[in-house]
Amino acid sequence: MQSYRKIRSYFVLLKSLLLSAIFLSTFCCHVYQKTTTSSLGDSHFAFYYLSINDAERSILQGDTIGALESYKQAFTKVVYPFPSDLHNAALASVALSDQAFGKRCIMQMADYGVTPVWLENNRDKYYSNLFVKGEWSVFSEEYQMAFDRYQRVEAANEAQRVLARIDDRDQAIREEIIGNYWPVDSVNLIEFKSLIDRYGFPSLRELGLPNPFYQRLPYINFLNHSLKHLKREIHNYPLDSLLIHAVYNGRIEPYMAGKLLDIYTAKVANFGQYGTSGYFFLDNTEGGLCELVYNENEIQILNSKRAEIYLDDYEIFLAKWYMRHDRIENDLPDLFRIPKDYGSYIYPSPIQEVIEIRRVDSP
């Protein structure tokens, strides 16, 4: 009887390994085919991303007129500009008293599910100068109707349901177990792959963004964990191609994809090949900002990887990062929210033993 159980256990294990191998091979082929047959993606989004980079460079230089012009050019190329870009364009419209364009930018946020509650709570902070007396009540009613239309089309769609289930499973296993998460991560990726097969990579519009800067997407947790854990066991896993393809087709913002790709390509912490960490702190915020030390050749490689997904040069990114940090430190209005994700990392100081770091007094 014991011998029979051993043999049965052996065949169950063999079957599991075979199924995993079949899944990995089909997933790799599927993503490879999608990426190579449409490697350039939608050329309209290429123009869009480059125009957004131009707009943000203009913001850095204090050229609000140039920024607004670049935003207007970008928005002519895509049906649904990203909400964070719509927000920045609305702020530029406020600065230049371009009420019509500013209102149009705000109205388009409803196409992503930015809530009327968020808009009401932040109107005075950001957009009040776009509305003369009596205009806001009419505008808010129109926005509510646009938001309701979005809700009827996108609320509780299949992508939201599948990703909510994946996220629940991902979080539950990490509350119960310390150790090997590979089986759960693998199951989640199988379900994610099935979702992509049917509908493509879930777009930000399908998932819904309650505010223009929302980053807590339902796939972020499990992709973070999968990118960290599966790369140790599975070489040449095609998640990088999947994310790059999603950028090319406007289904994820370049910076958000870059952060995930950094996790995938990192050898230490989240410092990968796309340079999205910006400045950071060691142990706590009291010691001041730090940055990684790159030589000239490494900067060129970094910028070539960033260019793959239309991220601006690394030096420009650091300037954007510091612009917001400096405004916060000096209690200046937090306007023109660039880059898209502006959180600071705090790493333990022993990390200096494996990577070269320098303190930054004033970038």
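Residues numbered from 1 in each chain as written. Predicted model: local features only at pLDDT ≥ 70, side-chain atom pairs only at ≥ 80, totals over all residues. Heavy atoms only, no water.

1. Comments concerning the overall build of the protein
Of regular secondary structure, the protein possesses 15 helices and four strands. The buried share among the 363 residues of the protein stands at 50%. Considering only residue pairs separated by 6 or more positions, the protein has 73% of its internal contacts joining residues 24 or more positions apart. Split by element, the accessible area of the protein, about 18300 Å² in all, is 53% carbon and sulfur. (Helix = DSSP H or I, 4+ residues; strand = E, 2+ residues; numbered from the N terminus. Buried < 20%, exposed > 50% of the residue type's maximum accessible area, 1.4 Å probe, protein only. Contact = heavy atoms within 4.5 Å. Areas by Shrake-Rupley, 256 points an atom, 1.4 Å probe, with all protein chains shown as cover.)

2. Things to note about the packing of helix 6 (residues 116-127) against helix 7 (residues 135-154)
Between helix 6 and helix 7, whose axes approach to 10 Å, the crossing angle comes to 155°. As the angle between them shows, helix 6 and helix 7 are arranged roughly antiparallel. As for how helix 6 packs across helix 7, the hand of that crossing is right-handed. Contacts from Pro116, Leu119, Glu120 and Arg123 in helix 6 reach Trp136, Phe139, Tyr143, Gln144 and Phe147 in helix 7. Looking at the contact of helix 6 with helix 7 residue by residue, the class counts come to six nonpolar, one polar and two charged. (Axes fitted to C-alpha atoms, helices over the stretch in contact; angles between N-to-C directions. Parallel < 35°, antiparallel > 145°, perpendicular 65-115°, else oblique. Left-handed = near helix turned anticlockwise from the far one by under 90°. Nonpolar A, V, L, I, M, F, W, Y, C, P; charged D, E, K, R; others polar.)

3. Some thoughts on helix 6
Its 12 residues give helix 6 an end-to-end C-alpha distance of only 14 Å, which falls more than 12% under 16 Å, the value for a rise of 1.5 Å per residue. Of all the residues in helix 6, the buried ones are Pro116, Trp118, Leu119, Asn122, Arg123, Tyr126 and Tyr127. The arc that holds the buried residues of helix 6, viewed along the axis, is 160°, so those residues lie on one side. With respect to the buried face of helix 6, the exposed residues turned more than 90 degrees away are Val117, Asn121, Asp124 and Lys125. Along its buried surface, helix 6 packs onto helix 4 (83-96), helix 5 (99-108) and helix 7. (Expected span 1.5 Å × (residues − 1). Arc of directions from axis to C-beta.)

4. What to know about the side chain of Arg123
Mapped onto the secondary structure, Arg123 falls in helix 6. Polar side-chain contacts of Arg123 include one of 3.4 Å to the side chain of Asp124. Not counting residues up to four positions away in its chain, the partners in contact with Arg123 are Ser128 and Trp136. (Polar contact = N/O pair within 3.5 Å; in protein donor to acceptor, adjacent residues only side chain to side chain.)

5. Things to note about the environment of Arg306
Positionally, Arg306 belongs in helix 14 (residues 296-308). A relative accessible area of 2% means that Arg306 is categorised as buried. Along the backbone, Arg306 and Tyr274 are 32 residues apart, and their C-alpha atoms lie at a distance of 5.4 Å. Once residues within four sequence positions are removed from consideration, Arg306 is found in contact with Tyr274, Gly275, Thr276, Leu311, Asp312, Asp313, Tyr314 and Phe317.

6. Side note on the nonpolar core
Grouped together as the largest cluster of nonpolar side chains are 87 residues, with contacts concentrated most on Tyr48, Phe75, Tyr127, Phe192, Phe201, Tyr219 and Ile252. Of all hydrophobic cores here, the second largest spans nine residues; its members include Leu282, Cys290, Leu292 and Ile351. (Core = buried A, V, L, I, M, F, W, Y, C linked by side-chain atoms within 4.5 Å.)

7. As for the pairing of strand 2 (residues 289-292)
Burial of the side chains of strand 2 extends over both faces: Leu289 and Glu291 are buried on one face and Cys290 and Leu292 on the other. By the bridge criterion, four bridges tie strand 2 to strand 4 (residues 357-360) in an arrangement that is antiparallel. If you follow Glu291 over to strand 4, its bridge partner there is Arg358. (Pairing = 2+ DSSP bridges.)

8. Re the layout of surface pockets
Estimated volume of the largest pocket: approximately 480 Å³. Considering the residues around the largest pocket, the lining is formed by 15 residues, among which Phe271, Gly272, Gln273, Tyr294 and Glu298 are closest to the centre. Within the lining of the largest pocket, the residues separate by chemical class into eight nonpolar, three polar and four charged. (1 Å grid on protein atoms, 1.4 Å probe; cavity = no way out; pocket = protein on both sides within 12 Å on 5 of 7 lines; lining within 4 Å. Points joined across faces, edges and corners; volume = space filled by probe spheres on them.)

9. Comments concerning the confidence of the model for the protein
Averaged over the protein, the pLDDT score is 79; the fraction of residues at 70 or greater is 77%. The least confident element of the protein, judged by mean pLDDT, is helix 1 (residues 2-37) at 41; the most confident is helix 5 at 97. Here residues 1-41 is a poorly scored stretch, pLDDT under 50, and it has 30 contacts once near neighbours within four places are set aside; other chains count. (pLDDT = per-residue confidence, 0-100.)

10. Notes on the packing of aromatic side chains
For any pair of aromatic rings, the description consists of the separation of the ring centres together with the inter-plane angle of the planes. Under the criterion given, the structure shown has 29 aromatic pairs. Geometrically, the ring pair formed by Tyr48 and Tyr49 is edge-to-face, given 5.8 Å between the ring centres and 70° between the ring planes. For Tyr48, a relative accessible area of 1% translates into the label buried. Here Tyr314 and Phe317 contribute two aromatic rings whose centre-to-centre distance is 6.3 Å and whose plane-to-plane angle is 40°, an arrangement assigned as tilted. Here Tyr314 pairs with Phe317, and both are found in helix 15 (residues 314-329), just three residues apart, close to one helical turn. A relative accessible area of 3% places Phe317 in the buried class. Through successive ring pairs, a cluster of aromatic residues spans Phe45, Tyr48, Tyr49, Tyr71, Phe75, Phe82, Phe101, Tyr112, Tyr248 and Tyr310. When the ring centre of Phe101 is taken as reference, the NZ or CZ atom of Lys72 above it lies at 5.1 Å. (Phe/Tyr/Trp six-rings, centres within 6.5 Å; stacked < 30°, edge-to-face > 60°. Lys NZ or Arg CZ within 6 Å of the ring centre and 35° of its normal.)

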